[in-house]
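# Residue-level structure breakdown
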Amino acid sequence: MTKHFLRDDDLTPSEQRQVLELALAFKKDRHVQTPLRGPRAVAVIFDKPTLRTQVSFTTGIAELGGYPLLVDGNLAQIGKRESIADTARVLGRQVAAIVWRTFEQSAITEMSELAGVPVVNALTDDFHPCQILADLATLAEHFGGAGELSGKTLAYVGDGANNMAHSYLLGGATAGLHVRIGSPAQYSPAPQVVGRATQIAAQTGGSVTVTTDPNEAVAGADAVATDTWVSMGREDEQAERRDIFIPYQLNTELLQHAKADALVLHCLPAYRGQEITAAVLDGPQSVAWDEAEYRLHAQKALLTYLLTHGDAQ
Ligand code: NVA
């Protein structure tokens, strides 16, 4: 069976661990594996804005020995000019894998059903699983290895209903983390995602907590994360969201509730003075730049894993 990465729980705990260990290995030696040598092409498609994801996937595919084939989402108009099904069939005949950033989760699921090659979610409205792999690899490096993640506490404050919160729940639970989400009641994570994360955590020794109290979420945490209050596609809700989310701002006062040496994560782009203060993002506890670099190493590890397991090899 062809392996895909559409949401964080597409990797089992042991698969995730292998990918994280490989990500750390890629950081030490950028060419430790070259599964795309030939070169074979990987289609990278964006229907939403991007910086890190485009740079890290195109650089990573080239470093894996492959050819990053950037497909402009505005030109391709997948699902409008041509159906997702037909696009999947056409791409799957030519490229080794498909990386896609789009809106609905159902679209990427449909792509995976007919492509016949690995499909990777480069962010949808519901999940951002590649970012969580980068975050987990960053934490693993700082904690002393992928085996050190289990049992640590990761708090996320802000929009609990967005792709990052959902991916922290699933990916964090898979890693055996105690995942805490602190968000306003009307921006709580989707109940199905909380349910699935709770189920995974029961197997990995992690746990899941959802609270409206940001101090409770952060109390004693080993790592604290946040994300923009206004995700791509929600720009017209900016004004109303600011008033609701301001108590969840990741600032020096809130960070004091975490462990004294807690690491601060932000997937970027960051809006200083909104979801995070400059003092925290640019402060000594921030690992945001390591995290941005780990997009490269983690995605190379993921592609290597998908390409060398299942039917794709
Ligand atoms: N939640 C954000 C993540 C950006 C990387 C968004 O979807 O815009």
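Residues numbered from 1 in each chain as written. Predicted model: local features only at pLDDT ≥ 70, side-chain atom pairs only at ≥ 80, totals over all residues. Heavy atoms only, no water.

## Remarks on the side chain of histidine 266
Cut-off, in case you're wondering: The way it works is that DSSP assigns letters per residue, a run of H or I at least four long becomes a helix, a run of E at least two long becomes a strand, and they are numbered from the N terminus. Under the rule applied, a polar contact is a pair of N or O atoms within 3.5 Å (in protein, one hydrogen donor and one hydrogen acceptor; residues adjacent in sequence only if both atoms are side-chain atoms). By definition, residues are in contact when any of their heavy atoms lie within 4.5 Å.
Along the polypeptide, histidine 266 turns up in strand 9 (residues 263-266). Only 2.9 Å separates the side chain of histidine 266 from the backbone nitrogen of leucine 268, close enough to count as a polar contact. Residue contacts for histidine 266: discarding those within four places in its chain leaves Thr226, Asp227, Thr228, Glu275, Ile276, Leu281, Ala288 and Glu291.

## Topic: the nonpolar core
So the rule is basically this: Each nonpolar core is a collection of buried residues, namely Ala, Val, Leu, Ile, Met, Phe, Trp, Tyr and Cys, held together in the definition by side-chain atoms within 4.5 Å. Burial classes follow relative accessibility: with a 1.4 Å probe on protein chains only, a residue under 20% of its type's maximum area counts as buried, one over 50% as exposed, and anything between as partly exposed.
Of all hydrophobic cores here, the largest spans 64 residues; its most connected members are Phe57, Leu149, Tyr168 and Leu302. It is helix 6 (residues 129-143) that contributes the most residues to this core, nine residues altogether. Residue contacts for phenylalanine 57: discarding those within four places in its chain leaves Val44, Val99, Val120, Ala122, Cys130, Gln299 and Leu303.

## Describing the packing of helix 4 (residues 84-92) against helix 5 (residues 105-115)
Stated formally: Axis angles are defined between N-to-C directions and span 0 to 180 degrees, where every axis is a line fitted to C-alpha atoms and, for a helix, only to the segment in contact. These descriptions rest on fixed angle ranges, namely under 35 degrees for roughly parallel, over 145 for roughly antiparallel, 65 to 115 for roughly perpendicular, and the rest for oblique. Crossings are assigned a handedness: left-handed for a near helix turned anticlockwise from the far helix by less than a right angle, right-handed for a clockwise turn. Three residue categories are used. Nonpolar comprises Ala, Val, Leu, Ile, Met, Phe, Trp, Tyr, Cys and Pro, charged comprises Asp, Glu, Lys and Arg, and polar comprises the others, including Gly.
It is at 8 Å that the axes of helix 4 and helix 5 come closest, and there the two elements cross at 45°. The orientation of helix 4 with respect to helix 5, classified from their angle, is oblique. Regarding helix 4 and helix 5, the two cross each other, and that crossing is right-handed. Together, Ile84, Ala85, Thr87, Ala88, Arg89, Leu91 and Gly92 of helix 4 and Ala107, Glu110, Met111, Leu114 and Ala115 of helix 5 make up the contact between the two elements. Of the residues contributing to the contact of helix 4 with helix 5, the split by class is eight nonpolar, two polar and two charged.

## Some words on the side chain of glutamine 131
Relative to the helices and strands, glutamine 131 is located in helix 6. Judged by relative accessible area, glutamine 131 falls into the buried class, the value being 2%. Within polar-contact distance, the side chain of glutamine 131 engages the side chain of arginine 295 at 3.1 Å.

## Some details on the pattern of salt bridges
Applicable threshold: What counts as a salt bridge is simple: a side-chain nitrogen of Lys or Arg found within 4 Å of a carboxyl oxygen of Asp or Glu.
Evaluated as defined, the whole model comprises 14 salt bridges. Between aspartate 9 and arginine 196 there is a salt bridge whose closest N-O contact spans 2.8 Å. Linking aspartate 9 in the segment before helix 1 (13-28) with arginine 196 in helix 8 (residues 191-204), this pair joins segments that are 187 residues apart in sequence. Residue classification places aspartate 9 among the buried positions, given a relative accessible area of 16%. Judged by its relative accessible area of 28%, arginine 196 is partly exposed. Beyond isolated ion pairs, a larger network of salt bridges with shared partners links Asp159, Arg234, Glu237 and Arg241.

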